[in-house]
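Structural overview
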Amino acid sequence: MSTEKLYEFLVLSKTLNYSKAAEVLYISQPTLTLHIQELEDELQVKLFQRTTHGVSLTQAGFLLSRRAPGLIDKCSSAADIARLSVFPMTGAIHIACAVELSYASHIRIFSGRFTERYPNIHVDFTVLTEGTPERLLYDQQYDFIFTPCEYVNIPPNIHGHLIQEHGIYAALYGGHPLLSKSLLQLRELEGETLFVPFADEMFGPYAKNLTLAQKYTHNKIRCVPVPNLLTALFEISLGHGIALIPRYAKNMIPDNIFMIGISNDLCRFNEYLYYTDSAPNDAAKLFYEEFCSSFPQTHP
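A brief structural summary. (Residues numbered from 1 in each chain as written. Predicted model: local features only at pLDDT ≥ 70, side-chain atom pairs only at ≥ 80, totals over all residues. Heavy atoms only, no water.)

Examining the overall build of the protein chain
Formally: Each helix corresponds to a stretch of at least 4 residues labelled H or I by DSSP, and each strand to a stretch of at least 2 residues labelled E; elements are numbered beginning at the N terminus. Only C-alpha atoms enter the radius of gyration; for comparison, a globular chain is expected to reach 2.2 Å times N to the power 0.38, where N is the number of residues. Think of it in three bands: with a 1.4 Å probe and only protein chains considered, a residue is buried below 20% of the maximum accessible area for its type, exposed above 50%, and partly exposed in between.
A count of helices and strands for the protein chain gives eight helices and eleven strands. A compact globule built from 300 residues should have a C-alpha radius of gyration of about 19 Å, whereas the protein chain, at 25 Å, is more than 25% larger. Summarising its shape, the C-alpha atoms of the protein chain cover approximately 75 × 50 × 30 Å along the three principal directions. In the protein chain, which comprises 300 residues, the share counted as buried stands at 47%.

Regarding helix 5 (residues 105–117)
Just so we agree on the cut-off: Expected helix span is computed as 1.5 Å times (number of residues minus one). Directions drawn from the helix axis to the C-beta atoms are what define this arc. Note on contacts: a residue pair is in contact if any heavy atoms of the two residues lie within 4.5 Å.
When the terminal C-alpha atoms of helix 5 are compared, their 18 Å separation across 13 residues agrees well with the 18 Å that a helix rising 1.5 Å per residue should span. Listed in full, the buried residues belonging to helix 5 are His106, Ile107, Phe110, Ser111 and Phe114. Looking straight down helix 5, one finds its buried side chains confined to an arc of 130°; they lie on one side. Pointing more than 90 degrees away from the buried face of helix 5 are the exposed residues Arg113 and Glu116. Packing partners of the buried residues in helix 5 comprise strand 3 (91–98), strand 4 (121–128), strand 5 (144–147), strand 6 (158–173), strand 11 (268–276) and helix 8 (282–294).

With respect to the packing of helix 2 (residues 18–25) against helix 3 (residues 29–43)
Which entries qualify depends on this criterion: Axes here mean lines fitted to C-alpha atoms, for a helix over just the part in contact, with angles spanning 0 to 180 degrees between N-to-C directions. Small angles under 35 degrees read as roughly parallel and large ones over 145 as roughly antiparallel, with 65 to 115 read as roughly perpendicular and the rest as oblique. In this classification, Asp, Glu, Lys and Arg are treated as charged, Ala, Val, Leu, Ile, Met, Phe, Trp, Tyr, Cys and Pro as nonpolar, and every other residue, Gly included, as polar.
At their nearest, the axes of helix 2 and helix 3 sit 9 Å apart, and the two run at 100° to each other. Judged on the interaxial angle alone, helix 3 and helix 2 are roughly perpendicular. Contacts from Tyr18, Ser19, Ala21, Ala22 and Leu25 in helix 2 reach Gln29, Leu32, Thr33 and Ile36 in helix 3. Considered class by class, the residues forming the contact of helix 2 with helix 3 number six nonpolar, three polar and no charged.

Brief notes about the environment of phenylalanine 48
In this structure, phenylalanine 48 sits in strand 1 (residues 48–51). If near-sequence neighbours (up to four positions away) are discounted, phenylalanine 48 is found in contact with Phe9, Leu12, Ser13, Leu16, Tyr18, Ile36, Glu40, Val55, Ser56, Leu57 and Thr58.

So, unusual backbone geometry
The phi dihedral of leucine 16 falls on the positive side, at around 50°, and the residue is not glycine. Residue placement: leucine 16 occurs in the loop between helix 1 (3–15) and helix 2. Leucine 16 sits in the partly exposed class, given a relative accessible area of 32%. Of note in the backbone geometry, phenylalanine 198 takes a positive phi value of approximately 50° without being a glycine.

Below, the structure written as structure tokens:
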């Protein structure tokens, strides 16, 4: 299936007017009509219904219009990967990774397989224990940032990709009364001391989950800002309080800390990849295209 014809179909599905669609696409109306007919013949379904009252989508056309943007993106991504993979690749990639995400197995597995496929590309990881502030987007030191933060002010040369969405867990010290629960609601944290890494980063998950905890406990929760998750876990191991942490942080916690899931759907810990393409770096572009192909964005 031609991505060009698929794109032409998508434009026509939005305008429902052959003349307007042809004008947008800078092609003649007869050419557009021919391409749509060829696409219908290829798919063996009718995509549009033409009557004296105008043009409308058939059921098959409606379903294709919902899937077409994703199909075009996947085809373009595959084409980029194929183009970049033709030649022996060399170069270097510099990646900053928040300490929490350095424990995410899928990131480690992908990076290991990438270096196996492209041994002449040097992949340099820097694990950041002191957070991933928004200013890193403007730091030319890194091609990529793996972070749980959803940045707001993204420069035009930065591409953001949502990798996965996770629920949140409460980290509790041994003997904590809430350990009798199989699942917790935020309102049950009333009266607790909550250790919050990067509490001032309002685009980060710890600060967002703190806001939710304050809401559901009617501000009857004590917030103690700490510099990072490792400090929070150490304080919890001493029995000084609790924290809201991601699932894969279980690989970071000592034996006397236990995790219980939080049932509130709004309480989330997401993973993002940010890619800087300001400087020409085919190795970095190849890494980004292959990663996005392996982990499609979960929602627009």
